[in-house]
Amino acid sequence: MSAHQPIYVTQPDLPPLEEFLPYLQQIWDSRVLTNSGPFHQRFEAALCEHLGVKHVSLFTNATIALVTALQSLRITGEVITTPYSFVATAHSLLWNGIKPVFVDIDPVTLNLDPAQIEAAITPQTTAILPVHCYGTPCDVQAIQRIADDYNLKVIYDAAHAFGVQRQEDGEWHSVLNHGDLSVLSFHATKVFNTFEGGAIISPDAKTKQRIDHLKNFGFVNETTVVATGINGKMSEFNAALGLLQLQHIAKAVARRQAIETRYRSLLAGVPGLRFLERPSTATANHSYLPVLVGPEFAVSRDALYQRLRERGVMARRYFYPLISDFPMYRGLSSAHPAGLPVARQASAQVLCLPIYPALEDADVQRIAELIRSARPEASFLPAAAPVTTLLAA
Ligand code: T4K
């Protein structure tokens, strides 16, 4: 790592360019650039196979996919969601004229706390929008029980959960099969990227068809429009890249895992620093590496963030501020800080360390040393000595 080369929280993983050129050649030859072309269809089929899901609808990004997922299930009124996420989660509700109702998160997983959900349900509640934060699965069974009891839909924001599986009855199954719909992101910063991209996972062909109509303006054929759809289509370029990226994802996740293991061992036992526990009943994609910087750590979270930045290490505070603190949300009664103590504390303590396949072991070592050696800045003047005394001395 050169002193002049910043290290960012992530760096997109790309295949060797020469591997992508034949795909580009096919697009140039066919002149089919978008509108469900051959790569789009092949990528959807390959994703179903790779992820172990029934139906995939590709999208231009996860935000439009979330907006469309809510439309497809005709969600209205109020939706219960987490304040501890990227702002797109709640924005997708406002874009549909739906009122977000924030409830607190679980202190271990940092996902929506099922124990808080019931108290937030009103006659206007139609759905729950949880997030598998950092790829850690939500308590899908508890959430489904509540949804069944109150006849609510569940849409998972699974932007972080590419490839994550849960152990169920002794077998491994995709976490994306839970709820009514799940939404993936293939943004450049995600563990699996198509530059920009996203997808909705649906359980049956009819739902997929409705979603596919909605992402194509509502067209069902050349002359018939059945819904107020949007343009959410993924292009052939992104789909072709995704198809190729699938060949490399296993190696990328393995490298991420090795990096996480290294960080954990180098930073083991540092007072006040806590890694999130990984549930043994789920696989991890190592998309993010959050640590919680508690009061026993040598310096505050923000001082550590600043110390790293000054030395070219751009760790990020995902997710600070809380969504509920942004201007378009903070007037909601559910946004009041008193109701969200766990989310508030996590947001004040979290720091996501750089993790991506090209990150070198020496970089991890240096970042860990920078964290281990953090000390409060020495104050310039002794605290008790007034300036006049010093001048007189
Ligand atoms: N739901 C959840 C739970 C999400 O986390 C997200 C997105 C969404 C929904 C919406 O998904 P999309 O509609 O985006 O598909 C980033 C991403 O832009 C965003 O996609 C992501 N979550 C969020 C957690 O992180 P920023 O503002 O932190 O991105 P940025 O540009 O600062 O990138 C972080 C670092 O990554 C840069 O410092 C350098 C590196 N980088 C970034 C890009 C874009 C690169 O090396 N190359 C690149 O092309 O939001």
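None of these values were measured; they are calculated from a predicted model.

Each value, and the rule that gives it
Each chain carries its own residue numbering, running from 1 in the direction its sequence is written. Only residues with pLDDT of at least 70 are given local features in this predicted model, and only at 80 or more are side-chain atom pairs given and counted; all residues enter the totals for whole chains, interfaces and linings. Note that the side-chain values use all heavy atoms of the structure and ignore hydrogens as well as water. Secondary structure is summarised from DSSP: a helix means a run of H or I of at least four residues, a strand means a run of E of at least two, and numbering begins at the N terminus for each. One less than the number of residues in a helix, times 1.5 Å, gives the span that helix is expected to have. Contact between two residues is taken to exist if any of their heavy atoms lie within 4.5 Å; hydrogens are not considered. One side-chain nitrogen of Lys or Arg within 4 Å of one carboxyl oxygen of Asp or Glu is enough to make a salt bridge. Under the scheme applied here, a residue whose accessible area is under 20% of the maximum for its type counts as buried, over 50% as exposed, and between as partly exposed, the area being computed with a 1.4 Å probe on protein chains only. For every element, the axis is a line fit to its C-alpha atoms; helices are fit only across the contacting stretch, and the angle between N-to-C directions ranges from 0 to 180 degrees. In what follows, roughly perpendicular refers to angles from 65 to 115 degrees, roughly parallel to angles under 35, roughly antiparallel to angles over 145, and oblique to any angle outside these ranges. Each crossing is labelled by how the near helix is turned from the far one, with a counterclockwise turn of less than a right angle marking it left-handed and a clockwise turn marking it right-handed.

1. Topic: helix α9 (residues 249–266)
Here's step 1: An ideal rise of 1.5 Å per residue puts 26 Å on 18 residues; α9 measures up with 26 Å between its terminal C-alpha atoms.
Here's step 2: Taken together, the buried residues of α9 touch α2 (38–51), α8 (236–245), β13 (273–275) and α12 (361–372).

2. Re the pattern of salt bridges
Two side chains of opposite charge can pair, provided their charged atoms sit close to one another.
Here's step 1: Scanning the model with the defined rule gives 13 salt bridges in all.
Here's step 2: R166 is paired through a salt bridge with E168; the nearest N and O atoms lie 2.6 Å apart.
Here's step 3: Residue R278 pairs with E260 through a salt bridge whose shortest N-O separation is 3.0 Å. Here R278, found in the loop between β13 and β14 (290–293), pairs with E260, found in helix α9; they are 18 residues apart in sequence, far enough to count as distant.
Here's step 4: Given a relative accessible area of 3%, E260 falls into the buried group.
Here's step 5: What emerges from the salt-bridge pattern is a single network uniting E44, K208, D212 and K215.

3. What about unusual backbone geometry?
Here's step 1: Residue Y318 is joined to F319 through a cis peptide bond whose omega torsion reads 15 degrees.
Here's step 2: Locating F319 in the fold gives a position in the loop between β15 (313–314) and α11 (341–349).
Here's step 3: In this structure, the amide linkage connecting Y320 to the following residue, P321, adopts the cis form with an omega of -5 degrees.
Here's step 4: Note on placement: P321 falls in the loop between β15 and α11.
Here's step 5: For L110, which is not glycine, the phi dihedral falls at a positive 65 degrees.
Here's step 6: Positionally, L110 belongs in the loop between β4 (99–102) and α5 (114–117).

4. Overview of the packing of helix α3 (residues 62–72) against helix α7 (residues 205–214)
Here's step 1: Two elements in contact, α3 and α7, have axes whose closest approach is 10 Å; the angle formed by their N-to-C orientations is 125 degrees. Accordingly, the angle class assigned to the pair α3 and α7 is oblique. Remark: the crossing between α3 and α7 carries right-handed chirality. When α3 is examined against α7, the residues T68, Q71 and S72 are found in contact with a partner set consisting of R210, I211 and L214.

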